[in-house]
Amino acid sequence: AQSVTQLGSHVSVSEGALVLLRCNYSSSVPPYLFWYVQYPNQGLQLLLKYTSAATLVKGINGFEAEFKKSETSFHLTKPSAHMSDAAEYFCAVSRASGSARQLTFGSGTQLTVLP
Amino acid sequence: SQTIHQWPATLVQPVGSPLSLECTVEGTSNPNLYWYRQAAGRGLQLLFYSVGIGQISSEVPQNLSASRPQDRQFILSSKKLLLSDSGFYLCAWSLGGNNQPQHFGDGTRLSIL
């Protein structure tokens with residue numbers, strides 16, 4: 001069974017500082033991994049996805065994530081935080097269920113950006 | 001390009017009343033469709049998914065049901081709402097295939113009084 005664990009339900013960074021949001025996965029097969037962002041009272045927006053091509057994946061809004069099989073990790077980073085990055089971030093792993101692919105989501109990390 | 005619409009955006013309903021939330025997708029055919037619930041401060045719980053018209057799979061048995069009367073229409077219903085049905089309901093779609101992401105609507109905030 002596939003699962004993801006997001007370490008740290010709340011992360012605070014200063015504007016301009018490095019953003020690091022942690023995600024570890026568990027999967028019995030090569031995983032497909034995703035990061036989503038959710039702003040208040042909105043749906044989830046796809047930031048990036050790993051689908052077994054390059055291990056360093058670049059996404060929207062300056063975010064990127066690196067797939068590390070040896071560490072079973074897929075951490076999300078951004079070199080310099082913006083106030084507009086304040087939101088909740090979800091890591092997800094794809095799993096097979098019948099004829100559809102499901103996503104198993106982590107519990108989320110709330111990112112606060114301090115001025 | 002593909003778009004997904006959910007309505008209403010917010011809904012306040014009394015306990016015991018019925019519910020109907022609607023979701024439609026444009027710009028694609030035969031999508032996989034999903035209903036999630038997000039309780040306050042918690043992650044996403046998959047409620048139902050559908051791979052085709054009339055095909056509904058339930059992930060969690062509960063007070064809710066789903067239907068897919070048309071290819072790109074997904075409806076979440078209840079005959080009698082409970083207080084515990086309060087939450088943020090999200091519809092999503094994806095293409096078939098192992099590496100396809102899901103794309104989400106803007107959600108419906110449901111409050112039960």
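Residues numbered from 1 in each chain as written. Chains lettered and ligands numbered in written order. Predicted model: local features only at pLDDT ≥ 70, side-chain atom pairs only at ≥ 80, totals over all residues. Heavy atoms only, no water.

**What to know about the overall build of chain A**
Let me state the cut-off plainly: In this text, helices come from DSSP runs of H or I with a minimum length of four residues, and strands from runs of E with a minimum of two, each type numbered from the N-terminal end. In this setup the radius of gyration rests on C-alpha atoms only. A globule is expected at 2.2 Å times the number of residues raised to 0.38. Buried, partly exposed and exposed residues are distinguished by accessible area as a fraction of the type maximum, computed with a 1.4 Å probe on protein chains only: under 20%, between the cut-offs, and over 50%, respectively. Contacts are assigned to residue pairs that have any heavy atoms within 4.5 Å of one another. In short, Shrake-Rupley with a 1.4 Å probe defines the accessible areas, and a residue's cover is counted only from the protein chains shown. Only four residue types enter the tally: Lys and Arg on the positive side, Asp and Glu on the negative side, with His and both chain ends excluded. By convention, the charge on Lys lies at NZ, on Arg at CZ, on Asp at CG and on Glu at CD.
Each helix and strand counted, chain A has 0 helices and 11 strands in total. Starting at the N terminus, the α and β elements of chain A follow one another as β-β-β-β-β-β-β-β-β-β-β. What you see for chain A is a C-alpha radius of gyration of 14 Å, in line with the 13 Å of a compact globule of 115 residues. Dimensions of chain A along its principal axes, counting C-alpha atoms only, are 45 × 30 × 20 Å. Counting the 115 residues in chain A, one finds 46% classified as buried. Sequence-distant contacts in chain A: of pairs separated by 6 or more residues, those separated by 24 or more amount to 55%. Here chain A displays about 5300 Å² of accessible surface, and carbon together with sulfur accounts for 53% of that area. Here chain A contributes 8 positive and 6 negative side-chain charges, whose respective centroids are spaced 11 Å apart.

**Side note on the state of the cysteines**
Simply put, the disulfide is a covalent bond whose two ends are the sulfur atoms of two cysteines. All names here are of chain A. Stated formally: The term disulfide is used for any two cysteine sulfur atoms that are within 2.5 Å.
All told, the structure shown has 2 disulfides over all chains when counted by the stated rule. The disulfide that involves Cys23 links it to Cys91, with 2.0 Å between the sulfurs. Handedness here is read from the sign of the S-S torsion; for Cys23 and Cys91, about -65 degrees, the answer is left-handed. Of this pair, Cys23 sits in strand S3 (residues 19–26) while Cys91 sits in strand S9 (residues 87–97); the two residues are 68 residues apart in sequence, bridging distant segments of the chain.

**Digging into the interface of chain B and chain A**
Heads up, the condition is: For this analysis, a salt bridge means a side-chain nitrogen from Lys or Arg found within 4 Å of a carboxyl oxygen belonging to Asp or Glu. Within 3.5 Å is the distance limit for a polar contact, defined as a pair of N or O atoms, with the added protein rule that one can donate a hydrogen and the other accept it, and that residues adjacent in sequence qualify only through two side-chain atoms.
On the side of chain A, 23 residues touch chain B, which itself brings 22 residues to the contact. Between the two partners, chain B and chain A, sit 0 salt bridges. Remark: the boundary between chain B and chain A carries 3 residue pairs in polar contact (both at pLDDT 80 or more). At the level of secondary structure, the elements contributing two or more residues to the side of chain B that touches chain A comprise strand S4 (32–38), strand S5 (44–52) and strand S9 (87–94) of chain B.

**Some details on the sheet that holds strand S7 (residues 65–70) of chain B**
Whether parallel or antiparallel, the strands of a sheet pair through hydrogen bonds between backbone atoms. All names here are of chain B. Rule in force here: A pair of strands is labelled paired if DSSP reports no fewer than 2 bridges between them. Axis angles are defined between N-to-C directions and span 0 to 180 degrees, where every axis is a line fitted to C-alpha atoms and, for a helix, only to the segment in contact.
Taking strand neighbours across the sheet as the criterion, the 4 strands line up as S1-S3-S8-S7 in an open arrangement whose pairing is antiparallel. Each end of this open sheet is capped by a strand with a single partner; those strands are strand S1 (3–7) and S7. The sheet shows a mean angle of 20 degrees between the axes of neighbouring strands, direction not considered.

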